[in-house]
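Remarks on the overall topology
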Amino acid sequence: MADDLDRQLWLLGELTDGWIREAIAQHVSPRAQRLAAMLDYHFGWRDEQLDLLSVPAPAGKKLRPALVLLVCQAVTGEINAPARNAAAAVELIHNFSLVHDDIQDRSQLRRHRPTVWSVWGMPQGINAGDALFALAQVVVLRDGSSLASGMAAELNATALLLAEGQFLDIDLQEGQSPASLETYQTMITRKTGALFASACRLGAMAGGASKQNQEAYAAYGLELGLAFQEQDDLLGVWGSAGVTGKPDAADVVERKRGLPAAMALSAPDAPEWLRRTYADRDGAMEPQTIDRVIAHFDHLELRTAIEGRVEQRYRNALAYLAAACARQPARDYLAAICAALVSRLA
């Protein structure tokens, strides 16, 4: 099933890319073609000189638009025009958030390529992100129907949650909020879970699912998104560079207050040295301190605890999927996505 899923995600990703390329070409005016080319660059279709690439750069599996399309198929047995619009809009919103996140985090690289702002400067990077956000509105609303209006309302409510999630994440990383499990959960529900849930809800809306089934698909997506983020946080400490594409223990090196740190720091008997280590924002962490932090996490058996949390979310997601009465073969693909995310190896 894994190979079949990869093939299906690739096909849905190709479709989504085509719809987005068409939208950029159609709606960005001739006076701003360099802006259009910068958007193409972000999606991996052009190089830093803004020349078209014969082979696009790697750009991920496009899970969020795939969820829109698969849920619509699970409801109706086909991919219809509202689902196509919603899938493109969801991917545009996701990438708007990535472009702005890169600016806020001062990230020089994304998917092993220089980020938009690092090539063309912060002002144009902000413009590029804003253009992606606006283009999502144009795309989701283009047929002018009442369904399109409802989908746009859903998408924008989710975009606000994404902004809240990013605010909470910055607050957490800067030490303005306590590194508690409650704070972490609230943050990832907005920053990661909300768009997964919205993608599934939009697919169900496009397919004409009942309100009850829309809620079931959204709940499936939320659990999937939370499992994805918690597994990502696990890999950020215990994952190998070959799997994550980042240095070993990158989240410890960066003092990221992800799930392992939140669990350790929120413990009543959290040692003072650990609190000081995560409170110190100046200078690189010494190798012996990195080893000490990981050893403390291991002593607390946090990896096992997080694996248990992720596994429970996987079971929850499958239960919601069953409740939604999804059609085949889309149901099997949606279940396989759960298994693939949970089984990402360290």
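Up top is the structure these notes are about.
Scoring rules and cut-offs
Residues numbered from 1 in each chain as written. Predicted model: local features only at pLDDT ≥ 70, side-chain atom pairs only at ≥ 80, totals over all residues. Heavy atoms only, no water. Core = buried A, V, L, I, M, F, W, Y, C linked by side-chain atoms within 4.5 Å. Buried < 20%, exposed > 50% of the residue type's maximum accessible area, 1.4 Å probe, protein only. Contact = heavy atoms within 4.5 Å. Salt bridge = Lys/Arg side-chain N within 4 Å of Asp/Glu carboxyl O. Helix = DSSP H or I, 4+ residues; strand = E, 2+ residues; numbered from the N terminus. Lys, Arg positive; Asp, Glu negative; His and termini not counted. Polar contact = N/O pair within 3.5 Å; in protein donor to acceptor, adjacent residues only side chain to side chain. 1 Å grid on protein atoms, 1.4 Å probe; cavity = no way out; pocket = protein on both sides within 12 Å on 5 of 7 lines; lining within 4 Å. Points joined across faces, edges and corners; volume = space filled by probe spheres on them.

**So, the nonpolar core**
Among the nonpolar cores identified, the biggest contains 106 residues, and Ile24, Leu67, Tyr217, Tyr220, Val252, Phe297 and Ile337 are the most heavily contacted of them. In this structure, Tyr220 is in contact with Leu67, Cys200, Ala317, Tyr320, Leu321, Leu334, Ile337 and Cys338, ignoring residues within four places of it in sequence.

**A short note on the pattern of salt bridges**
The full count for this structure, using the stated rule, is 15 salt bridges. When the shortest N-O distance is used, the salt bridge between Arg190 and Glu164 registers 2.8 Å. Here Arg190 is found in helix H8 (residues 181-206), whereas its partner Glu164 is found in helix H7 (residues 146-173), with 26 residues between them in sequence. Its relative accessible area of 24% is what places Arg190 among the partly exposed residues.

**Observations regarding the side chain of Arg257**
Mapped onto the elements, Arg257 comes out in the loop between helix H11 (250-253) and helix H12 (259-265). Despite its burial, Arg257 remains without a salt bridge, the nearest opposite charge being carried by Asp169 at 9.2 Å. The contacts of Arg257, once residues within four sequence positions are left out, are Leu172, Gln173, Gly175, Ser177, Ala179, Tyr184, Tyr278 and Ala279.

**Considering the environment of Arg106**
The residue Arg106 is located in the loop between helix H4 (81-105) and strand S1 (109-110) in this model. A C-alpha to C-alpha distance of 20 Å links Arg106 and Ala249, two positions 143 residues apart in sequence. Not counting the four nearest positions on each side in its chain, Arg106 is found in contact with Trp117 and Met122. Looking at Arg106, its side chain comes within polar contact range of the main-chain oxygen of Ile103, at 3.0 Å.

**Some thoughts on the environment of Asp232**
By the secondary structure assignment, Asp232 is in helix H9 (residues 211-238). For the pair Asp232 and Leu259, spaced 27 residues apart in sequence, the C-alpha separation works out to 9.3 Å.

**Looking at empty space enclosed by the protein**
Tallied over the entire structure, the rule returns 3 cavities of 30 Å³ or more. Contributing to the lining of the largest cavity are 15 residues, with Tyr41, His42, Arg110, Pro114 and Thr115 lying nearest its centre. At the level of elements, helix H2 (33-42), H4, strand S2 (113-114) and helix H5 (116-120) are the ones that each hand at least two residues to the lining of the largest cavity. Put simply, the second largest cavity is a space of about 40 Å³. Along the walls of the second largest cavity sit Asp233, Val237, Asp251, Val252, Lys256, Gly258, Pro260, Ala261, Tyr278 and Phe297, which together make up its complete lining.

The values reported here are purely geometric and, on their own, carry no functional implication.
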